[in-house]
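Inside the fold
What follows is the residue order along each chain.
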Amino acid sequence: MQGEKLKNYLHLHLIVFIWGFTAILGALISIDAVPLVWYRMLLAVIFIAFYFVIKKKSFKVEEKSLIKFAISGIIIAIHWITFFKAIKVSNVSVALVTMSTGAFFASLIEPFFFKRRIKLIEIILGLLVIVGLYIIFNFESQYTLGIIYALISAFLSALFAVLNGLYIKKHKAEVISFYQLLFGVLGVTLYLLFTQQFSLEFFQLQLTDWIYLFVLSSICTAYAFIASVHVMRYLTPYTVMLTINLEPVYAIVLALIVFGEKEQMNAGFYYGALVVLLVVLLNGILKNATSIKNKIKKK
């Protein structure tokens, strides 16, 4: 059993590394954020549909649930659009560090859906994150627009995660993902039709863009999702959550290797980033300690 856990723990690190690589691909793909997300979601839906057919899984779901999946699908689409926008107008490092604030947005949103009080420690940690972002703003003010886009993306990511925390109680993860991606791409399609952005040029992509989009939608979206569901059977949510917090670290290191000087920031940025990442890590440790304490009380 220990060998199985180690194998899945290493697999989880690979998945988080892949998620970090998503930001790199977003910077490498030459098209704008909206068409990028449209292609990503469309191709991912096709790949997951193939997975359903091969594994002989059912697509059946209740009509009431479809409405919920449609709303959350639009949320994840806008989340990805603002995420890639943040990368396009700033860089990978700024976008990923700012995205780390998602855990604290979740702490503020969660009580409204799960009907619990906001804890004082969550407010304190949230304020510390703001301090970290303030340091980054001071030293990297030219990336203000990118930080704003990333904050919007982080909030939507937290909202999406909280909603999925409710949906997962009644539905299988792969079913939720398939319909959310499907409705997401339909929503983006309607937007593109309304703004008359579909044209011959829209579908005339560079060969490198097609290759990057294929990797983004297949490995970084469809595969990473299915694999992450698999490893959660063997690892605790705490282990999963702490490991996912390494995504910005992996992405920043990758960005420095791939883009070099473009990703090199002032020392102040790294001080602020360190504050944000340490607070996110501390948040996970405190939540795990509270979870263990509650379990002991119940026994």
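Quick notes on the rules
- Residues numbered from 1 in each chain as written.
- Predicted model: local features only at pLDDT ≥ 70, side-chain atom pairs only at ≥ 80, totals over all residues.
- Heavy atoms only, no water.
- Helix = DSSP H or I, 4+ residues; strand = E, 2+ residues; numbered from the N terminus.
- Buried < 20%, exposed > 50% of the residue type's maximum accessible area, 1.4 Å probe, protein only.
- Contact = heavy atoms within 4.5 Å.
- pLDDT = per-residue confidence, 0-100.

In the Ramachandran plot, Lys 56 falls in the positive-phi region, its phi being about 55° despite a non-glycine side chain. Within the secondary structure, Lys 56 is located in the loop between helix 2 (33-55) and helix 3 (63-89). For Gln 196, which is not glycine, the phi dihedral falls at a positive 55°. Along the chain, Gln 196 falls in the loop between helix 8 (173-194) and helix 9 (207-231). For Gln 196, a relative accessible area of 72% corresponds to the exposed category.

What follows concerns the environment of Gly 102. As for its position among the elements, Gly 102 is in helix 5 (residues 102-114). Of the residues examined, Gly 102 reaches a relative accessible area of 11% and is grouped as buried. C-alpha of Gly 102 to C-alpha of Ser 157: the two residues are 55 residues apart in sequence and 6.5 Å apart in space. Once you skip the residues sitting within four places of it in the chain, Gly 102 turns out to touch Ala 154 and Ala 158.

This part is about the confidence of the model for the protein. Overall, the predicted model of the protein reaches an average pLDDT of 82, with 88% of residues at or above 70. Per-element averaging of pLDDT across the protein places helix 10 (residues 237-244) at the bottom with 62 and helix 2 at the top with 93.

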